[in-house]
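One-letter residues, chain by chain:
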Amino acid sequence: MLSRIWSLTKIELFKFYRQRIFFISLVLVALVVALSVLMEKISPSGKGPVNGIGPLIAGCLNGFRLVTFLILVIGALLVASETTFGTIRTILIAPIRRSELVLAKAITVIILALFFTLLIEAIAFGLSWFVYGFHDITDPTFPEIVHLARSEMLLYVLYTFLHILLPLAAIGLMGLFISTLVENAGISVAISIILYLVLDSFVANLFEETSSFLFNPYWNYYLDTLKNMSEGALQEIWRFKAINSFLGVQSGEEVMLDAGRNLSVIKSFVIPVIYSIIFVILSILAVHPVRKSY
Amino acid sequence: MCVLIMTDIILKTENLSRHFGRFPAVENLSLNIYKGDIYGFLGLNGAGKTTTIRMLLRLIRPESGKISIFDKDLNSDYLEIMSSIGGLVEIPAFYPYLSARDNLLILTRLRMISPSSLRYSIVDELLSAVGLKGRADDRIRTYSLGMKQRLGVAGALLPAFIPQRIPNQTPLIILDEPTNGLDPQGIADIRNLIKKLNKEKEVTFFISSHLLSEMELLCNRVGILRQGKLVISEDLAKLLKEEGIEITEPKRPLEKYFMGLM
């Protein structure tokens, strides 16, 4: 079973690689991230030498906002485009289970989310380092206490990686679930985007937990903190150190621990995983031969 | 006299039924297809041919009845059965942004054929068999309807070109209107290919078609479906003999002239 799922996943990745959408996505993401990073260079704010941490975060934030929709659209096309082309029949007349096909498509979504997350971080990091360089931040009044090494900051950016990857995968899997219900690729994409926007704007305001997988507010919050810090808002360091302590980056003796927010950090990891599992199970149930004819 | 034993039955359906809303697409269909048959499944538009084929390939579920293939139940031994079945349902569907070779390579991967050198050689053999070797690396979106149909037949014939997992098991190929969109040359090529595979590899074929003259030349047994019900399922020569009709090479002067120019 596992070898069949892996073989199907390789087929999915091959098909994606050979489609125009792959190259368009690559160019679009690279362009958005690069422009966001280089904005400080294009329109300097006049604050003197720029710390690369700020542009790095700006590139990541804008890149992730774009990729959220990209992954949603890719997920929404995965099954629906097979029914539109009619290739679903060609695939199913093979010794594979429908559940294996759905699992392979779900793994494809996760791999693509991972790929785009890495791509964004790599472009943003490389360009920021090359153009601006990364520096430590110290408060001249309390240099002993309020000092943040660049390695500490960069490690933190790495930590945000999971914060972004998991919600991104959950969003893509939501698109996959919609695409198992709808037989037209265009309608599947439209419904997925509308559903996402509705959930993001309305439901997120009602339930805090829901918002942590939709437009995960925590990565926005933490990355914004780091960005403000690099631009001179030194009071942000206190907040940053609290987060680092929770993540185990450094000992927390001088840290103000915000227990409630730390709990939310756990939630922002666990909730997207729970959503992902639910969407995959629903997708498998939706294509079961009892329910779905091809 | 040839005595048929149970293992000779490749495909068996018992009281298969399926409705679409209140419309009965297939009703109490009971069929036996024997090893080495080229079975012609005939009927008018809407008679239930494609619905039957979709049920046989597990694309839709029958509401009642049972399907056994290779003496096994289709629902419980699905994976084992499908490893020896190829099929083409209505319009051949492939990824338009990929070449014919890549599309067929995907099908070989789905059947877990390895190593990759074997996949490539099988695909080359298939493409040669349907006369598409010269256009193997062109994208499907550049193909004509007839070429897509040839490729669809190639995809369906794949189990006849791969080593069988179960010893002594010969494949079953289910084709729904395989000559759709083909020119006279294409029809003759596919006919000859089916006959060759049937004779040399004992491949069993279950073919639905509107082209009765083609079915006459191709099939040894036929079943006729009317409004979802099987009217008759019989040996073709016997059937026509009973009716006093003789199978002869049809006189088609224009077709003969055309083929002479090709």
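Residues numbered from 1 in each chain as written. Chains lettered and ligands numbered in written order. Predicted model: local features only at pLDDT ≥ 70, side-chain atom pairs only at ≥ 80, totals over all residues. Heavy atoms only, no water.

(A) Broad picture of the overall build of chain B. Along its length, chain B carries 9 helices and 10 strands. A compact globule built from 262 residues would reach a C-alpha radius of gyration of about 18 Å, and chain B, at 18 Å, matches this within 12%. Its C-alpha atoms put chain B at 50 × 45 × 45 Å along the principal axes. Here chain B holds 262 residues, and 52% of them are scored as buried. As displayed, chain B offers around 12,400 Å² of accessible surface, 52% of which is attributable to carbon and sulfur atoms. If the 34 positive side-chain charges of chain B are averaged to one point and the 30 negative ones to another, these points end up 4 Å apart. (Helix = DSSP H or I, 4+ residues; strand = E, 2+ residues; numbered from the N terminus. Rg over C-alpha atoms; globule rule 2.2 N^0.38 Å. Buried < 20%, exposed > 50% of the residue type's maximum accessible area, 1.4 Å probe, protein only. Areas by Shrake-Rupley, 256 points an atom, 1.4 Å probe, with all protein chains shown as cover. Lys, Arg positive; Asp, Glu negative; His and termini not counted. Charge placed at Lys NZ, Arg CZ, Asp CG, Glu CD.)

(B) Quick peek at the pattern of salt bridges. This structure, assessed with the given rule, holds 18 salt bridges over all chains. Residues Asp-137 of chain B and Arg-101 of chain B are paired through a salt bridge, measuring 2.9 Å at the closest nitrogen-oxygen approach. With Asp-137 of chain B in the loop between helix H4 (116-129) and helix H5 (145-161) and Arg-101 of chain B in helix H3 (residues 100-110), this pair connects stretches of sequence that are 36 residues apart. The residue Arg-150 of chain B makes a salt bridge to Asp-189 of chain B at a minimum N-O spacing of 3.4 Å. Here Arg-150 of chain B is found in helix H5, whereas its partner Asp-189 of chain B is found in helix H6 (residues 184-201), with 39 residues between them in sequence. You can call Arg-150 of chain B buried: its relative accessible area is 13%. Since its relative accessible area comes to 29%, Asp-189 of chain B is described here as partly exposed. Salt bridges linked by common partners bring Glu-12, Lys-15, Glu-82 and Lys-105 of chain A together as one network. (Salt bridge = Lys/Arg side-chain N within 4 Å of Asp/Glu carboxyl O.)

(C) Up close: the confidence of the model for chain B. In the predicted model, chain B carries a mean pLDDT of 86, and the fraction of residues at 70 or more is 90%. Interface confidence for the predicted complex, given as ipTM, is 0.84, next to a pTM of 0.83. (pLDDT = per-residue confidence, 0-100.)

(D) Structural view of the packing of aromatic side chains. Summed over all chains, the structure comprises 15 aromatic pairs over all chains. On the basis of an interplanar angle of 75° and a centroid distance of 5.3 Å, the ring pair of Phe-115 of chain A and Phe-116 of chain A is categorised as edge-to-face. According to the relative accessible area criterion, Phe-116 of chain A is buried, its value standing at 0%. Clustering of aromatic rings is evident, with ring pairs tying together Phe-16, Tyr-17, Phe-22, Phe-23, Phe-115 and Phe-116 of chain A. The side chain of Lys-201 of chain B reaches across the aromatic face of Phe-161 of chain B, ending 4.5 Å from its centre. (Phe/Tyr/Trp six-rings, centres within 6.5 Å; stacked < 30°, edge-to-face > 60°. Lys NZ or Arg CZ within 6 Å of the ring centre and 35° of its normal.)

(E) Structural view of the side chain of Asp-37 of chain B. Residues and elements named next belong to chain B. Here Asp-37 shows up in the loop between strand E2 (23-34) and strand E3 (38-43). Here Asp-37 falls in the buried class, since its relative accessible area comes to 4%. Polar side-chain contacts of Asp-37 include one of 2.9 Å to the backbone nitrogen of Tyr-34. With sequence-adjacent residues up to four places away left out, Asp-37 is seen in contact with Asn-198, Val-203, Thr-204, Phe-205, Asn-220 and Arg-221. (Polar contact = N/O pair within 3.5 Å; in protein donor to acceptor, adjacent residues only side chain to side chain. Contact = heavy atoms within 4.5 Å.)

(F) How the structure looks around the environment of Lys-133 of chain B. Residues and elements named next belong to chain B. Mapped onto the secondary structure, Lys-133 falls in the loop between H4 and H5. For Lys-133, a relative accessible area of 42% gives the class partly exposed. Along the sequence, Lys-133 and Thr-170 sit 37 residues apart, while their C-alpha atoms lie 26 Å from each other. Not counting residues within four places of it along the chain, the set of residues in contact with Lys-133 comprises Asp-124, Leu-127 and Ser-128.

(G) Quick peek at the interface of chain A and chain B. Every contact between the two is made by 30 residues of chain A and, on the other side, 29 residues of chain B. Buried surface at the junction of chain A and chain B, summed over both partners, amounts to about 2,800 Å²; 64% is from carbon and sulfur atoms. Contact with chain B buries surface across chain A, with Arg-89, Ile-93 and Pro-95 of chain A losing the most and accounting together for 24% of the total. If you look at where chain A meets chain B, you find 2 salt bridges. Arg-18 of chain A is the partner of Asp-102 of chain B in a salt bridge, and the nearest nitrogen-oxygen pair spans 3.0 Å. Taken together, the links from chain A to chain B amount to 13 residue pairs in polar contact (both at pLDDT 80 or more). Every element with two or more residues in the side of chain A that touches chain B is listed here: helix H1 (2-17), helix H4 (80-85) and helix H5 (87-92) of chain A. A total of 8 residues in the side of chain A that touches chain B trace back to one element, the largest contributor, which is H1 of chain A. For the side of chain A that touches chain B, a count of residues per class yields 13 nonpolar, 7 polar and 10 charged. (Buried area = accessible area lost by both parts, 1.4 Å probe. Nonpolar A, V, L, I, M, F, W, Y, C, P; charged D, E, K, R; others polar.)

(H) Fine view of the sheet that holds strand E1 (residues 9-20) of chain B. Residue and element names in this part refer to chain B. Strands sit in the order E2-E1-E4-E5 across an open sheet of 4 strands; the sheet is antiparallel. Each edge of the open sheet is held by one strand with a lone partner, namely E2 and strand E5 (72-73). Sitting on the sheet, helix H1 (residues 49-56) is in contact with E1, E2 and strand E4 (64-69), with an inclination near 120° to E1. (Pairing = 2+ DSSP bridges. Axes fitted to C-alpha atoms, helices over the stretch in contact; angles between N-to-C directions.)

(I) Structural context of empty space enclosed by the protein. Residue and element names in this part refer to chain B. Counting across every chain of the model gives 4 cavities of 30 Å³ or more. As for the largest cavity, its lining consists of Pro-178, Thr-179, Ile-187, Ile-190, Arg-191, Ile-194, Ile-207, Ser-209, Glu-214, Met-215 and Leu-218. Broken down by secondary-structure element, the contributors of at least two residues to the lining of the largest cavity are H6, strand E8 (204-209) and helix H7 (212-218). Tallying contributions element by element places H6 first for the lining of the largest cavity, with 4 residues. (1 Å grid on protein atoms, 1.4 Å probe; cavity = no way out; pocket = protein on both sides within 12 Å on 5 of 7 lines; lining within 4 Å. Points joined across faces, edges and corners; volume = space filled by probe spheres on them.)

(J) Structural detail: helix H6 (residues 98-131) of chain A. Counted at 1.5 Å a residue, the expected span for H6 of chain A with its 34 residues is 50 Å, and the 49 Å between its end C-alpha atoms agrees. Taken from the residues just after H6 of chain A, Gly-133 of chain A is the one with a positive phi, measuring 80°. (Expected span 1.5 Å × (residues − 1).)

(K) Main features of the sheet that holds strand E6 (residues 85-88) of chain B. Residue and element names in this part refer to chain B. Taken together, the 6 strands give an open sheet; going across it, the order is E6-E7-E8-E3-E9-E10, and neighbouring strands pair in mixed fashion. Bordering the open sheet on either side are E6 and strand E10 (229-235), each of which pairs with just one other strand. The mean angle between the axes of side-by-side strands here comes to 15°, regardless of whether they run parallel or antiparallel. By the bridge criterion, 6 bridges tie strand E9 (residues 221-226) to E10 in an arrangement that is antiparallel.

(L) Quick peek at unusual backbone geometry. All names here are of chain B. Across the junction of Ser-114 and Pro-115, the peptide omega takes the value 5°, indicating a cis bond. Structurally, the position occupied by Pro-115 is in the loop between H3 and H4. One non-glycine residue with positive phi stands out, namely Met-112, at about 55°. Here Met-112 is to be found in the loop between H3 and H4. Assessed through its relative accessible area of 31%, Met-112 is described here as partly exposed.

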